[in-house]
There are 2 protein chains.
Amino acid sequence: MPKINENFIKIPASYLFSEVARRVNEYKKSKPDHRVIRMDIGDIKLPLPDACVEAMIKAANEQRSASTFRGYAPDYGYDFLREAIRNNDFISRGVDIKEDEIFISDGAKSDTGNIGDIFSAENRVAVADPAYPVYVDTSAMGGRAGVPHANGQWSDLVYLPCNFSNDFLPALPGVKVDLIYLCSPNNPTGAAFTHAKLAEWVDYARKSSAVILFDAAYEAFITEADVPHSIFEIDGAREVAIEFRSFSKTAGFTGTRCGYTVVPKEVTARNERGDNVSLNALWGRRQSTKFNGTAYVIQRAAEAVYSAEGKMQVKKLLDFYKENAKAIRDGLQRAGYTVFGGTNAPYIWAQTPNSEKSWDYFDYLLKEKNIVVTPGSGFGSCGEGYVRFAAFGRQEDTDEAIRRLTEG
Amino acid sequence: MPKINENFIKIPASYLFSEVARRVNEYKKSKPDHRVIRMDIGDIKLPLPDACVEAMIKAANEQRSASTFRGYAPDYGYDFLREAIRNNDFISRGVDIKEDEIFISDGAKSDTGNIGDIFSAENRVAVADPAYPVYVDTSAMGGRAGVPHANGQWSDLVYLPCNFSNDFLPALPGVKVDLIYLCSPNNPTGAAFTHAKLAEWVDYARKSSAVILFDAAYEAFITEADVPHSIFEIDGAREVAIEFRSFSKTAGFTGTRCGYTVVPKEVTARNERGDNVSLNALWGRRQSTKFNGTAYVIQRAAEAVYSAEGKMQVKKLLDFYKENAKAIRDGLQRAGYTVFGGTNAPYIWAQTPNSEKSWDYFDYLLKEKNIVVTPGSGFGSCGEGYVRFAAFGRQEDTDEAIRRLTEG
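This text gives an overview of the structure that appears in the document. (Residues numbered from 1 in each chain as written. Chains lettered and ligands numbered in written order. Predicted model: local features only at pLDDT ≥ 70, side-chain atom pairs only at ≥ 80, totals over all residues. Heavy atoms only, no water.)

### Quick look at the sheet that holds strand β8 (residues 259–262) of chain B
Either a parallel or an antiparallel arrangement is found when strands of a sheet pair, and the pairing is made through backbone hydrogen bonds. All names here are of chain B. In space, the seven strands of this open sheet follow the order β2-β8-β7-β6-β5-β3-β4, with mixed pairing throughout. At either margin of the open sheet sits one strand with a lone partner, and together these are β2 (102–105) and β4 (158–161). Along the sheet, successive strands turn relative to each other by an average axial angle of 20°, direction set aside. As judged from the four bridges shared by strand β3 (residues 125–129) and β4, these two strands associate in the parallel manner. Note on β4: the bridge partner recorded for Asp-129 is Pro-161. Strand contacts of helix α3 (residues 79–90): β2, β7 (241–246) and β8, with the helix running at about 115° to β2, the strand carrying the most contacts. (Pairing = 2+ DSSP bridges. Helix = DSSP H or I, 4+ residues; strand = E, 2+ residues; numbered from the N terminus. Axes fitted to C-alpha atoms, helices over the stretch in contact; angles between N-to-C directions. Contact = heavy atoms within 4.5 Å.)

### Re the relation of the copies chain B and chain A
Overlaying chain B with chain A gives an RMSD of 0.0 Å, the required rotation being 180° about an axis along which the chain moves by 0.0 Å. The superposition operator between the copies reduces to a two-fold rotation axis. Closest approach to the rotation axis within chain B is made by the C-alpha atom of Ile57(B), at a distance of 2.8 Å. (Least-squares fit on C-alpha atoms with pLDDT ≥ 70 in both.)

### Notes on the sheet that holds strand β12 (residues 347–351) of chain A
All names here are of chain A. Judged by pairing direction, the sheet is antiparallel, and its four strands sit side by side in the order β11-β12-β15-β14 without closing on themselves. Two strands close off the open sheet at either side, each with one partner strand: β11 (339–341) and β14 (374–375). Note: β11 against β12, three bridges, orientation antiparallel. Bridge pairing links Val-339 to Ala-350 in β12.

### Notes on the pattern of salt bridges
As enumerated under the stated definition, the model contains 68 salt bridges over all chains in all. Across the pair Asp75(A) and Lys109(B) runs a salt bridge whose closest N-O atoms are separated by 3.7 Å. Highlighted residues: Asp75(A) in the loop between α2 (50–62) and α3 (79–90) and Lys109(B) in helix α4 (residues 108–114), drawn from two different chains. Both residues of the pair, Asp75(A) and Lys109(B), count as buried. The salt bridge involving Arg245(A) is made with Asp89(A); its shortest N-O contact spans 3.8 Å. Taken together, the residues Arg245(A) in strand β7 (residues 241–246) and Asp89(A) in helix α3 connect sequence positions 156 residues apart. (Salt bridge = Lys/Arg side-chain N within 4 Å of Asp/Glu carboxyl O. Buried < 20%, exposed > 50% of the residue type's maximum accessible area, 1.4 Å probe, protein only.)

### Side note on the environment of Pro353(B)
Note on placement: Pro353(B) falls in the loop between β12 (347–351) and α10 (358–369). As for Pro353(B) and Tyr386(B), which are separated by 33 residues in sequence, their C-alpha atoms are 9.1 Å apart.

### Brief notes about the interface of chain B and chain A
Between chain B and chain A, the contact holds 88 residues from the first and 88 residues from the second. Buried surface at the junction of chain B and chain A, summed over both partners, amounts to about 7,300 Å²; 58% is from carbon and sulfur atoms. Summed over the three residues of chain B that lose the most area to chain A, namely Met1(B), Tyr72(B) and Arg285(B), the buried surface amounts to 12% of that side. The tally of links from chain B across to chain A stands at 10 salt bridges. A salt bridge links Arg64(A) to Glu54(B); its shortest N-O distance comes to 2.8 Å. In this assembly, chain B and chain A are joined by 38 residue pairs in polar contact (both at pLDDT 80 or more). Those elements that provide at least two residues to the side of chain B that touches chain A are α2 (50–62), α4, α5 (133–141), β9 (268–270), β10 (276–278), α7 (279–290) and α8 (296–304) of chain B. Across the side of chain B that touches chain A, the residue classes break down as 37 nonpolar, 28 polar and 23 charged. (Buried area = accessible area lost by both parts, 1.4 Å probe. Polar contact = N/O pair within 3.5 Å; in protein donor to acceptor, adjacent residues only side chain to side chain. Nonpolar A, V, L, I, M, F, W, Y, C, P; charged D, E, K, R; others polar.)

### Observations regarding the packing of aromatic side chains
According to the stated counting rule, one finds 58 aromatic pairs over all chains in the structure shown. A centroid spacing of 6.0 Å and a plane angle of 80° characterise the contact between Tyr347(B) and Phe392(B), whose relative ring orientation is edge-to-face. Here the residue Tyr347(B) occupies a position in strand β12, and Phe392(B) occupies one in the loop between β15 (386–390) and α11 (395–406), the gap between them amounting to 45 residues. In this structure, Tyr347(B) and Phe392(B) share a single accessibility class: buried. When the ring centre of Phe80(A) is taken as origin, the NZ or CZ atom of Arg300(A), which lies over that ring, is 3.6 Å away. (Phe/Tyr/Trp six-rings, centres within 6.5 Å; stacked < 30°, edge-to-face > 60°. Lys NZ or Arg CZ within 6 Å of the ring centre and 35° of its normal.)

### A few points about α5(B)
Note on helix geometry: an α-helix contains 3.6 residues per turn, so any two residues three or four positions apart are oriented the same way. Counting buried positions over the nine residues of α5(B) gives nine, a clear majority of the element. Within α5(B) the residues assigned to the buried category are Pro133(B), Val134(B), Tyr135(B), Val136(B), Asp137(B), Thr138(B), Ser139(B), Ala140(B) and Met141(B). In this structure, the buried side of α5(B) is in contact with α7 (279–290) of chain A together with α1 (16–30), α4, β3, β5 (179–183) and β6 (211–215) of chain B. Within two residues after α5(B), Gly143(B) carries a phi angle of roughly 80°, on the positive side.

### Here we look at the pairing of β7(A)
All names here are of chain A. Most of β7 sits inside the fold, with six of its six residues counted as buried. Of the two faces of β7, the one carrying Ala-241, Glu-243 and Arg-245 and the one carrying Ile-242, Phe-244 and Ser-246 are both buried. Alignment of strand β6 (residues 211–215) against β7, held across four bridges, turns out to be parallel. Within β7, the residue paired with Asp-215 across the bridge is Phe-244. Taken together, the four bridges between β7 and strand β8 (residues 259–262) define a ladder with antiparallel strand orientation. In the strand pairing of β8, Phe-244 is matched with Thr-261.

This is the structure in structure tokens:
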């Protein structure tokens, strides 16, 4: 009989967000008349920009006739989209990323998970604590995490604690690591690296020969000038970093599925003989073997994000979410919470009032206030005693939620 | 410095179809005025059925307003599509597959590759020779193939030779194996298992505790009554098989990207303690961790394949390709080729006339006849001396290609 990948049964049976959904559904079933406000999962409420819908419809109509029909897309994405990304997300910020360093995908979750395929199981991985669960779970699936301790931490991962004392920005690892997941602006804490802080990480990675897996899925929410949108704004990052980007929150693509990964030509890892191997080539091989390209209509929708109309519509979306984040942050503070984030990110990270455990406070908010948040402990043991509020809801829901929380 | 997954540099640097594309592009550049007919990669030429386009446009318009907008799809797919699949692809054939055994994805290539994630690297894998390269390449990436020999075969894979003497249907393995990739109707040979033949495999898997990874991407091209469309038509298969399906060729989804994988509740593999573990649960965990669902508009397009209008349009598409396959098969025979396939599959497998090597004959056909085929040796060492013709082109191109080949 085949053997399973033993690592799969070491990880918790349920993915964090699935467990939240389960409890919410159970509660709703028991109290069908209660109006529950979702401030948990990063699922957006505002619709897809018109420019993207129009582009998708135009592309769908092209698929209707043989003369304009498109079959298999290039595995790495269409040039029209890679060029739009290059010009708008990089050249415009003075960063020279080439088209063949950009790999279009169906989203950052897939890529941050699948990137492990190209690395040996022996690498030592560092993750912030708390962190987006995919980094930890996929490291575990790939055999890089060891075994889980009772507190949920894994024996072989190097955890970088984030808390109020370090402004939720991880300190450099105290031991040698090979791969470092960094997410800025951060999910779940909302913290963001300044240029100077991120430069310390790039410098560290260069000196210690580590590779940074940089998740920039929330870069569009940055409001402060000294916060970099891409790690490649930092000198020397091309040799030590891979960057993940997403259209999900930026342009409402949660249900439309498109993202991309930047793997510069210079970034390498070592083979058994000690030679440097291009990660750009390895990721390309992974994608051409296990992926068949992102749908044509979806790539056209993503391209429209960069049209003049699309940019205006996306700005409106983002302005709304940014204001919403500020309203949640301010409202929670007025209600007496100690909070973090919400300035450069759509997430507000709040301490539970009396050091309640995250899941206890989750249950309290669900049952007493009919508000759904994400329990901080689901992001790592340092998240215990916190909950995450997401700013992707409707204005009136935010107001109502703050009212309920202020009432005490 | 991080270590790479060493297995990646053992596999040939270039994916078969990329190498074909490279040679074709080079030739076209040197002879821009020659009309090259593509009969190589399984990329279809006929457009997407109108019903699918209409469904996609309707769904795109729903994404335009907040009241109908859909964010993150369920990781495993929308119920509307899982139900349509259950009823049309299984219940209608007397096969009881439940909705929660169906996992929607962006295509069979992703799933046949990613399925390896849930299995230990220690499993012994059997593949037909020739076979779709993804089975071999992803087994290698996952550490299940060992090292490549000079002839391209891998030390740890069990090859099941297919040739004229066995009607290109593999014999049962002579040694103990854990995982068996089977593809019927077959890419590249066009061979298909009858009920009786496939039942032998299910019986074998049950007796030897193996799991069959059954690729049924071409089931829609079956014309003969005794050829099963699903392995689950065979009694007992639910305990030993996983099935992969695709809308790519069936309904023109090569550039639209949708497929699905069936993992019955009964199929298991063993953990280190010797317990049976449900593969349905493991694949679910894999997908919810490394995948974020297929785009809503794409799932609506796939659902439309099963509408009354969609079925009619898909039938027309398939009838065309089936006739085309027959025309190629008959034409090649008239031109003196020894051929196989083309009856239950869109592929015709032809012997090179004077035992030329596949790539030599590929170059000859490209340069002398301006016809692109796929070299059989790219599918495995037993494919040497063969080339594959695909039936996805236009009628007039088929006629012209046969004319060129018949002229000698």
